[in-house]
Amino acid sequence: MPDPVDSFLTTDDILGKDVIDASGSFLGVVDKLFVDPDLIQITGISIDKGFLKNGFHVGVDTIKEIRDHAIFLKITPAATIRRMRVFDIDGKIIGTVKNVITLPNRNTIKEIIVKSHLFGKVLHVTPDFIKLVGDNVLLNIKKADLKGRFQEMFRSDKEE
Amino acid sequence: MEQFTQGLLQEETASVRTVRGATVISPRGLVLGTIADVRVSPKTLTFEGILVRRAWYGRTYYVGRDYIDKVSPDSVVLSVEPVLFLVGKKAVTTEGEVVGTVKSVVRQGNTNTLKQLIVRKLFRRSKQIPSAMIKNVGIEAIILKKEYHA
């Protein structure tokens, strides 16, 4: 009778494996496992992005499957949006994503901070203006309409 | 300015001079290059397509108007993801094994319909992967179907 332990995974099976997110990007390799000391359960993994790059960790609930050569995630981590270019609905460039603000301990985007190509000013764009996040970020609003909104945002930033 | 037209007015058209150099982007926001030239049919004098230069040193490729979604003075948005840009991506099995890097694509004629990928791994022979074996195309990786055996 086959021993069920033979089908279990060990740290050797997980550490050092490539991590691929839902958008097909190679995020890095697993360098740590996080274990809840009270429940004795794996709660997440740490992903090493490489030399001189900041890694990050994801919860075990974001893991889709662990395969022989890689670990596939269900999600595209919001942090990967950083440094993406932002285009309006007509394909005009707005700027570059400077930072991504998510809900606490969630992968849900609260807003993205865009460094506008307009005089280097900063825009706070909420998810309702985001059409899709692919190779770059595409908004569902025209640059001209965003400029009107931007003036309000910039003013409110100054007041803060 | 005096105008003689039965169609669009001059202010409703875009100058080729301003469109040249505009950014070309795919539906997913991938920057494909810049417009090197605008092509017109010599018989019908209608806009037929654009020549896109990938980088200042890069080769140009032609995109017919059937694949163009929107045109503005600053940018052109295509309606398809050009299969040409699969080159350089990694082909990965459902087990996460990297089969190789896409070296070239085989299309149906001059269309954007993919027939197969030619992938190669270092020190290995090239492999041909039919388009039917592609499960999903991601930003860096092309995930192959379970049925594909490396």
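Right, let's walk through the structure included here. (Residues numbered from 1 in each chain as written. Chains lettered and ligands numbered in written order. Predicted model: local features only at pLDDT ≥ 70, side-chain atom pairs only at ≥ 80, totals over all residues. Heavy atoms only, no water.)

## Regarding the packing of aromatic side chains
The geometry of an aromatic ring pair is captured by two quantities: the separation of the ring centres and the angle between the planes.
Phase 1: Taken as a whole and assessed by the stated rule, the structure comprises one aromatic pair over all chains.
Phase 2: Between the aromatic rings of B:Tyr61 and B:Phe85, the centroid separation amounts to 5.8 Å while the plane-to-plane angle is 70°, which identifies the pairing as edge-to-face. Taken together, the positions of B:Tyr61 in strand β4 (residues 60-64) and B:Phe85 in the loop between β6 (75-78) and β7 (90-92) put the pair 24 residues apart, joining distant regions of the chain.
Phase 3: In this arrangement the basic side chain of B:Lys90 is found over the ring face of A:Phe26, its NZ or CZ atom lying 4.8 Å from the centre. (Phe/Tyr/Trp six-rings, centres within 6.5 Å; stacked < 30°, edge-to-face > 60°. Helix = DSSP H or I, 4+ residues; strand = E, 2+ residues; numbered from the N terminus. Lys NZ or Arg CZ within 6 Å of the ring centre and 35° of its normal.)

## Some thoughts on the nonpolar core
Residue and element names in this part refer to chain A.
Phase 1: The biggest cluster of nonpolar side chains holds 17 residues, and the ones touching the most others in it are Val97, Ile112, Val125, Val137 and Leu139.
Phase 2: A total of three residues in this core trace back to one element, the largest contributor, which is strand β8 (residues 93-102).
Phase 3: Excluding anything up to four places from it in sequence, Val97 contacts Ile81, Arg82, Arg83, Met84, Val86, Ile112, Ile113, Val114 and Val137. (Core = buried A, V, L, I, M, F, W, Y, C linked by side-chain atoms within 4.5 Å. Buried < 20%, exposed > 50% of the residue type's maximum accessible area, 1.4 Å probe, protein only. Contact = heavy atoms within 4.5 Å.)

## Side note on the interface of chain B and chain A
Phase 1: Contacts between the two partners involve 27 residues from chain B, matched on the other side by 23 residues from chain A.
Phase 2: Looking only at chain B, the three residues that lose the most surface to chain A are B:Arg28, B:Glu95 and B:Ile139, adding up to 26% of its buried area.
Phase 3: The tally of links from chain B across to chain A stands at two salt bridges.
Phase 4: In this structure, the salt-bridge partner of A:Arg67 is B:Glu95, at a minimum N-O distance of 3.7 Å.
Phase 5: Applying the counting criterion to the chain B and chain A interface returns 15 residue pairs in polar contact (both at pLDDT 80 or more).
Phase 6: At the level of elements, β6, β7, β11 (134-137) and β12 (141-144) of chain B are the ones that each hand at least two residues to the side of chain B that touches chain A.
Phase 7: Within the side of chain B that touches chain A, the residues separate by chemical class into 10 nonpolar, eight polar and nine charged. (Buried area = accessible area lost by both parts, 1.4 Å probe. Salt bridge = Lys/Arg side-chain N within 4 Å of Asp/Glu carboxyl O. Polar contact = N/O pair within 3.5 Å; in protein donor to acceptor, adjacent residues only side chain to side chain. Nonpolar A, V, L, I, M, F, W, Y, C, P; charged D, E, K, R; others polar.)

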